[in-house]
Amino acid sequence: MCGIIGYVGFRPVNETLFRGLRRLEYRGYDSAGIAVHDGERISLLKRRGNLDSLEPHLEALPREASMGIAHTRWATHGHPTTENAHPHLDCRGEIAVVHNGIIENFQELREELTARGHRFLSQTDSEVVAHLVEEEYQGDLLEAVRRALRRLEGAYALVVMSSREPGVLVGARKDSPLVLGLGEGENLLASATPALLDCTHRALALENGEMAKVTRDTWRLLDLAGRPVERRPFEIPYDVAAVEKGGYADFMLKEIYEQPQAWKNTLRGRLDRSGRLRIEELEGHGIDLSSIRRIIFVSCGTSYHASLLGRYIFEAWMDIPVEVDIASEFYYREPRLDPSCLVVAVSQSGETLDTMGAVRWAARCGAPSLSVVNVVGSMMARESDGVLYTHAGLEIGVAATKTFIAQMAAVYLLGLYLGQERGLLEEGFVREVFSYLESLTGSIEEVLEDTEAVETCAEKYCRCEDFLFLGRNINYPMAMEAALKLKEISYIHAEGYPAGEMKHGPIALLHPGFPVVALIPSDPIYDKVRNNIEEVRARQAPVIAMATRGNHEVGGFSDEAIFVPEVRPQFNPVVLAPALQLLAYHIAKMRGCNVDQPRNLAKTVTVE
Ligand code: G6P
């Protein structure tokens, strides 16, 4: 949700900031801007639209700048216009600010500042920060920002510079991510590590309530009371190639094809020599798994669908009640939790504020939390009691693909691990299922190699304006995920529905122009789903059946068939998911959509 970057150093500032913004564009892309300091004054460039709209104007900025800040926006307060784009300046043009997050008390601050003569140029919540810092500025930017922060309520990651202090950047964070990149003769502040990679692989993450003062050769971390904070830098575990498309047309397609690797990496190294499952990052977590009586998954978006899968798996393998909640619906109803409830937060980014809210609510109730996270060292990984990393690698496409399959791997793994640690699953069972999971890499590869039927379907139905995805039991979450993927990237209205529930409402919508994708892999409820398909056919809606290879009767009750490899019924979601992603991808491409940057979306949602 918005990408911010600040740079001070020896490289050409405009290009360095712009390249950094490119690496953050997945966080928001409705407007963008750059402010640079040329040693005397601050110059500003802002444009509505994504970075392509900004790029042709970069030359208007002074070339002799030695530091600057930049922003790519996902609008919360104020339309995506040029005026509302960041950076924002104070009245005198001496303080420049980029912000990610929401200042909740901005109305009140704005009124107060307006009454004191400040003139506001945008409708954003963020602009108040520039004016507040201006009010507090008495020759020391760090101190002015520190004092201004005391007035702010809400979430923020900020980078601020002053025309009166060339060579100094000040950063601060609360509930929105901010990392410090440490180079030689250059330093950076940014929302996420990809933005640092062209300059350095050494970084450290600011924690909530921390600030940083950065020059080209020095950096200092401190808390809001001004006390120094010690932190060891870490190495960013991927390189620039990971943030390039590598010959694929889009990041999304590249990431779809990285799924076998994401699956494998998430499972890698999880068995110890004695054949016991071992999750290294969970060791020493201090959660007493034997006392857990209830498990609650919380998450948003695609991560919610991986969580739903978790319920089916955990309930099949263990006699423990499992609930699944959408994070934004969870903590405001103040659910009753106690130390016997384990909250499992599933999140690709580890920064989603609603899911963070659930983790914090668990902590308030004394309930242990365990997060399943892809971004190492992210806020959720740090704040929850235990973490299981998904190791999918960096995902740039806004629509989650490889991180979803990695979450599925993690969910199976966690189910086995909990069963093992609680003594509910035999060691032999755990080992056997684990090696079966490993063997599924080949099945995922098979799906990705054979895309002809998917592309044919995409071509035939890409102009339809409604789709229904039906699945039953463990495949139902895949129907929901497929519908989400399709609407996200193609703007087609789509619903994922339990196949058996369709007759209670959605069946009224069906007509010959309303395709129904029925997930009907071979499993014990195959016949029930088949009956549901007959109900669709009776309403003349076209049926695209996704079935197990070797099913010779499917052609008799569907208009199109897409086959997936045969796997054990509990693992059908693993082969359905990539096929469904490809279907959504090809439909979106045939409709001419930008799959990497779907309208109105952002990859990391750091607002509630
Ligand atoms: C956004 C993204 C989705 C993602 C959801 C949850 O909506 O566009 O792809 O599933 O946030 O994000 P998380 O990082 O918590 O998995």
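Keep in mind it's a predicted model, so treat the numbers as computed, not measured.

Analysis parameters
Within each chain, residues carry numbers counting from 1 in the order of the written sequence. Predicted model: local features are reported for residues with pLDDT of at least 70 only, side-chain atom pairs are reported and counted for 80 or more only, and whole-chain, interface and lining totals are derived from all residues. Computation of side-chain values: all heavy atoms of the structure, hydrogens and water removed. Secondary structure elements are taken from DSSP: a helix is a run of H or I of four residues or more, a strand is a run of E of two residues or more, and numbering for both begins at the N terminus. A fitted line through C-alpha atoms serves as each axis, taken over the contacting stretch for helices, and the angle formed by two N-to-C directions is quoted from 0 to 180°. For classification purposes, an angle smaller than 35 degrees is called roughly parallel, one larger than 145 roughly antiparallel, one from 65 to 115 roughly perpendicular, and anything else oblique. Left-handed describes a crossing whose near helix is turned anticlockwise from the far helix through less than a right angle; right-handed describes the clockwise counterpart. Note on contacts: a residue pair is in contact if any heavy atoms of the two residues lie within 4.5 Å. Think of it as three bins: nonpolar holds Ala, Val, Leu, Ile, Met, Phe, Trp, Tyr, Cys and Pro, charged holds Asp, Glu, Lys and Arg, and polar takes everything else, Gly as well. Exposed residues in this analysis have more than 50% of their type's maximum accessible area, buried residues have under 20%, and partly exposed residues fall in between, with area computed by a 1.4 Å probe over protein chains only. Pairing of N or O atoms within 3.5 Å defines a polar contact, subject to two protein rules: one partner must be a possible hydrogen donor and the other a possible acceptor, and residues neighboring in sequence count only if both atoms are side-chain atoms. Cavities and pockets are defined on a 1 Å grid built over the protein atoms alone: a cavity is a set of grid points where a 1.4 Å probe fits but cannot escape, while a pocket is an open set with protein on both sides within 12 Å along at least five of seven lines, and lining residues are those with an atom within 4 Å of any such point. Grid points are joined across faces, edges and corners, and a volume is the space filled by probe spheres set on the points. Among the buried residues, those of types Ala, Val, Leu, Ile, Met, Phe, Trp, Tyr and Cys that are joined through side-chain atoms within 4.5 Å form a nonpolar core. An automatic or database domain assignment provides the domain bounds reported here. To estimate the expected span of a helix, subtract one from its residue number and multiply by 1.5 Å. A 1.4 Å probe defines the accessible area here, and the buried area is the portion of it lost by two parts on being joined, summed over both. Only when DSSP finds a minimum of two bridges between them are two strands counted as paired. Orient the strands so they point away from the viewer, and a crossover whose first-strand-to-second-strand path over the helix runs clockwise is right-handed. Think of a salt bridge as a Lys or Arg side-chain nitrogen and an Asp or Glu carboxyl oxygen that are within 4 Å of each other. A residue counts toward a patch only above 30% relative accessible area and without a salt bridge, and it is joined to like-charged neighbours within 9 Å or, for Val, Leu, Ile, Met, Phe, Trp and Tyr, to nonpolar neighbours within 5 Å. Every accessible area reported is derived by Shrake-Rupley at a probe size of 1.4 Å, with residue values counting cover from the shown protein chains alone. Under the counting rule used here, the positive set is Lys and Arg, the negative set is Asp and Glu, and His together with the chain ends is not counted. A single reference atom marks each charge: NZ on Lys, CZ on Arg, CG on Asp, CD on Glu.

1. Notes on unusual backbone geometry
Here H86 and P87 are connected by a cis peptide whose omega angle stands at -5°. At E334, a residue that is not glycine, the phi angle is positive and equals roughly 50°. On the secondary structure map, E334 appears in the loop between α9 (327-330) and β17 (341-347). In this structure, N600 is a non-glycine residue whose phi angle is positive, near 70°.

2. Considerations on the packing of helix α13 (residues 427-449) against helix α17 (residues 572-590)
Look at α13 against α17: their axes get within 9 Å of each other, and the N-to-C directions meet at 25°. Considering the angle they form, α13 stands roughly parallel to α17. Handedness of the α13/α17 crossing: right-handed. Of the residues in α17, those in contact with L440, S443, I444, V447 and L448 of α13 are V574, V575, P578, A579 and L582. Residues that form the contact of α13 with α17 fall into these classes: nine nonpolar, one polar and no charged.

3. Observations concerning the environment of I320
Tracing the sequence through the fold places I320 in the loop between α8 (301-317) and β16 (322-326). Accessibility expressed as a relative area gives 5% for I320, which makes it buried. Sequence separation between I320 and I295 is 25 residues; the distance between their C-alpha atoms is 7.3 Å.

4. Considerations on the side chain of H71
As for its placement among the helices and strands, H71 is situated in strand β4 (residues 67-73). With relative accessibility at 0%, the residue H71 sits in the buried group. At a separation of 3.4 Å, a polar atom in the side chain of H71 contacts the side chain of H86. A distance of 2.8 Å separates the side chain of H71 from the backbone oxygen of H99, its partner in a polar contact. Once you skip the residues sitting within four places of it in the chain, H71 turns out to touch C2, G3, I4, L21, S31, A32, G33, H86, V98 and H99.

5. Here we look at empty space enclosed by the protein
Applying the stated rule across the entire model yields six cavities of 30 Å³ or more. In this structure, the largest cavity spans a volume of roughly 70 Å³. For the largest cavity, the lining is made up of 16 residues, of which C2, W74, T76, H86 and G101 are closest to its centre. Contributions of two or more residues to the lining of the largest cavity are made by β4 and β6 (95-103).

6. Overview of the nonpolar core
Ranked by size, the top nonpolar core spans 97 residues in total, and within it W263, I295, F314, F467, F469 and F571 carry the most contacts. Residue contributions to this core peak at 13 residues, all from helix α12 (residues 402-421). Two domains each provide a minimum of three residues to this core, namely domain 2 (251-448) and domain 3 (452-590). Once residues lying within four places of it in the same chain are set aside, the contact partners of F314 are I295, F297, V322, V411, L414, G415 and L418. Counting residues in each nonpolar core, the second largest holds 36 residues, with Y26, L61, V179 and A205 among its members.

7. Side note on helix α1 (residues 13-24)
Between its first and last C-alpha, α1 extends 17 Å over twelve residues, near the 16 Å set by a 1.5 Å rise per residue. For α1, the set of buried residues is V13, N14, T16, L17, F18, G20, L21, R23 and L24. If you follow the buried residues of α1, they end up packed against β1 (3-9), β2 (31-37), α2 (51-54) and β4.

8. Observations regarding the layout of surface pockets
Each pocket or cavity is described by its volume, and for the largest pocket that value is around 880 Å³. Taken together, 46 residues line the largest pocket, and the ones lying closest to its centre are T193, Y238, N374, V375 and V376. The set of elements that each furnish at least two residues to the lining of the largest pocket consists of β11 (202-205), β14 (234-235) and α7 (259-267). Of the residues assigned to the lining of the largest pocket, the class counts are 21 nonpolar, twelve polar and 13 charged. Counted as a void, the second largest pocket has a volume near 550 Å³.

9. Notes on the domain arrangement of the chain
When the parts of a complex come together, some accessible area is lost, and that lost area is often taken as the interface size. Domain annotation for the chain reports domain 1 (3-243), domain 2 (251-448) and domain 3 (452-590). Between the C-alpha centres of domain 2 and domain 3 the distance comes to 26 Å. Each partner contributes residues to the interface: domain 2 has 33 residues there, and domain 3 has 26 residues. For the pair domain 2 and domain 3, the summed buried surface comes to about 2,600 Å²; carbon and sulfur atoms form 72% of the total. Per-residue buried area on domain 2 facing domain 3 is highest for Y312, Y436 and V447; these three make up 22% of the total on that side.

10. Points about the sheet that holds strand β21 (residues 493-498)
Read from one edge to the other, the open sheet built from five strands follows the order β21-β20-β22-β23-β24, with strand pairing classed as parallel. For this open sheet the edge positions go to β21 and β24 (560-564), each flanked by a neighbour on one side alone. In this sheet, adjacent strand axes meet at a mean angle of 20° when their direction is disregarded. Pairing geometry for strand β23 (residues 543-548) and β24, over five bridges, is parallel. Across the sheet, A545 pairs through a bridge with A561, a residue of β24. Running at roughly 175° to β21, helix α15 (residues 476-490) makes contact with β20 (466-471), β21 and β22 (516-520) of the sheet. The strands touched by α17 within the sheet are β20, β22, β23 and β24, with β22 carrying the most contacts at an inclination of about 165°.

11. A few points about the pairing of strand β15 (residues 294-299)
Consecutive side chains along a regular strand alternate between the two faces of the sheet. For β15, the tally of buried residues reaches five of six residues, placing the bulk of the element in the interior. Across six bridges, β15 lies against β17 in parallel orientation. Bridging across to β17, V298 finds its partner in A345. Bridging between β15 and β16 involves five bridges; their strand directions are parallel. Bridge assignment links I296 to a residue of β16, and that residue is E323. Read as a crossover between parallel neighbours, the route from β15 over α8 to β16 is right-handed.

12. Observations concerning the pattern of salt bridges
What the rule picks out here adds up to 42 salt bridges. R146 is the partner of E143 in a salt bridge, and the nearest nitrogen-oxygen pair spans 3.1 Å. Here E143 pairs with R146, and both are found in helix α5 (residues 141-149), just three residues apart, close to one helical turn. As a salt-bridge pair, E427 and R276 come within 3.5 Å of each other at their nearest N and O atoms.

13. Examining a negative patch on the surface
A cluster of like negative charges, contributed by E104, E108, E111, E153 and E608, occupies part of the molecular surface. Secondary-structure assignment places E153 in the loop between α5 and β7 (154-162).

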